[in-house]
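Report on the structure
Now for the letters of each chain:
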Amino acid sequence: MDNMLCDELLQEIFSKLASKSSPLPPSSTALSVSLVSKRWLRLYRTSKTSLSLRLTPENSTIQSLPSLLSHYPFLSSLSLLFSSEPTSTTPTSITTAFNDNLLFIVSNFCSKLKHLRFLAGPVSISSLFSLSNTCALLTSLTIFLSRPLFLNWVANFSNLKELSVYVSDSDGIGNEFYLNRESDLYVNQEIDGELGLESLYLSGIKRDDSGFGWLWRSCKKLKKLQLKSCEGIGDGGSFFSFIRCLKDLQELELRTCRSIANGVLLRLAVYCDSLNSLLVYDGGSREGLLHFINNCRCNHLQKLDLRLPLDLNNNHLSAIAANFRCLSTLRLQSCCLVTGEGLKALGIARSSELNELALINCDVVGRESGLLATLGQHLKQLRKLDLSHNESLLDKEFISMLVSCNNLIELRLRGCKRLTSLSILSMFKSCKRLQNVDIVHCCGIEAEAVESFVLNSPQLRQIQVEENKISDVARKWASHKFIEIAS
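For clarity, every value in this text was computed on a predicted model and none was experimentally measured.

We now examine the side chain of Glu466. With respect to the helices and strands, the residue Glu466 is situated in the loop between strand S16 (462–464) and helix H20 (472–480). Separated by 2.6 Å, the side chain of Glu466 and the backbone nitrogen of His441 make a polar contact. What Glu466 contacts, discounting residues up to four positions off in sequence, is Ile439, Val440, His441 and Cys442.

Set out below in structure tokens:
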């Protein structure tokens, strides 16, 4: 049989096994293949287009990496990061030269890369210029940089569509550049033109960080912007350049950006007319958010994701109901000031549009009896429901909502400790279309109920639950029906 299978056919089989749709985990596939023959192992490696490596910061890493990468000549996606687990030989700090050497190895052995996540540590600008020459096909890049920041190197990646930059507080790279004035002058040159970036993620920017004015002016095709733990968007005139990026923006995420969230939202309301997704976590002001909702020019906003424990109340929900007529996804996390009155008003106003609702760790779920039943009666078009980490949620309240939600395909109940097996029985009776279910850390749900659910859910494709709650019968049935079991 082995002789009858040509190399091309085996590679095609291995590619299917390595795909996300495969019921087998990648580690299981690799182990099984390696036990057959050297030929199968070689073909498996050459069929791999995606690889994720977690390294230890030791000198042996550099010595073994070239040999390892040489076995995977057709990689298009690579993720490389250091293990967080300390060892006796771990140095106190990882130098930029060490990271540059790793990046040099990657660029020489993986010239076909389109996606690179290099999270081993900060790299120098000179190494990024070198990377742009050897990996010209890169469309997605994730890296660490140290201050002072130089960003003009982005222009050398002509095919880059997605860029993620984590800013480190280390001054190592800055010291290196000041030792080489010629290099400083080169990276600070103003480069005219237009970047092809459509998605930009920035983490750790401070108010006085320079170089962002050029970046904002050059990002004329930006569709998605993500800012995390940012105290500013650059120094000097960067803010005026930043405003230019807002007009055609479709997705915006502000995570822990309290000092700039208000200013960004106010400008967003004035200058942006194409936003369809907004996420704001842990930061902002009640007035600024309310002003954005009431004055937003984005008539087609579809997704709203908010984690604002003390900045979101019923006034915001009423404004959302009145202004966001196309809203299809609403996600609220840890919103302590929201009451059932506000949620009911929103549910009634958006009953025909809303198909995804998340009320994660919102104490109103367990505090107000009858709330979920009312929401279920008005939101009969719901396809995705997330009630995770509501520890006080009871069977009675949950089941009263499920009776009306017959179109659900995804249900997440992680951490709902007071739910019991009664809820599981109601799930497969009322929700015949369920495909993805998460019931991890639901202490009251027993293994017997999980088995019944797996056997009686015809559309189920994935269930997340503890290993000890999966019986042999349920596991065998899941394997037969290609149902993925995760924990």
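Going through the model one piece at a time under the given rule, you end up with 7 aromatic pairs. The rings of Phe144, Tyr166 and Tyr201 are connected pair by pair, giving a single aromatic cluster.

As enumerated under the stated definition, the model contains 0 disulfides in all. Of the cysteine sulfurs around Cys219, a residue in no disulfide, the closest is that of Cys245, at 5.4 Å. The structure places no disulfide on Cys230, whose sulfur is separated from the nearest cysteine sulfur, that of Cys257, by 4.7 Å. We classify Cys230 as buried; its relative accessible area is 2%.

Attention now goes to the environment of His300. Checked against the element boundaries, His300 lands in the loop between helix H12 (286–295) and strand S10 (303–307). On a C-alpha basis, the gap between His300 and Asn323 in space is 10.0 Å, while along the polypeptide they are 23 residues apart. When neighbours within four sequence positions are excluded, His300 is seen to be in contact with Leu275, Asn276 and Cys326.

The next subject is the confidence of the model for the chain. Per-residue confidence for the chain averages 87 on the pLDDT scale, and 86% of its residues sit at or above 70. Residue range residues 85–92 is modelled with pLDDT below 50. Its contacts to residues more than four positions away, or to other chains, number 5 contacts.

Take helix H17 (residues 395–402) next. Among the residues making up H17, those that are buried are Asp395, Glu397, Phe398, Met401 and Leu402. Buried positions along H17 lie against strand S12 (356–360), helix H16 (371–378), strand S13 (384–386), strand S14 (410–412) and helix H18 (421–430).

Criteria and cut-off values
Residues numbered from 1 in each chain as written. Predicted model: local features only at pLDDT ≥ 70, side-chain atom pairs only at ≥ 80, totals over all residues. Heavy atoms only, no water. Helix = DSSP H or I, 4+ residues; strand = E, 2+ residues; numbered from the N terminus. Polar contact = N/O pair within 3.5 Å; in protein donor to acceptor, adjacent residues only side chain to side chain. Contact = heavy atoms within 4.5 Å. Phe/Tyr/Trp six-rings, centres within 6.5 Å; stacked < 30°, edge-to-face > 60°. Disulfide = S-S within 2.5 Å. Buried < 20%, exposed > 50% of the residue type's maximum accessible area, 1.4 Å probe, protein only. pLDDT = per-residue confidence, 0-100.

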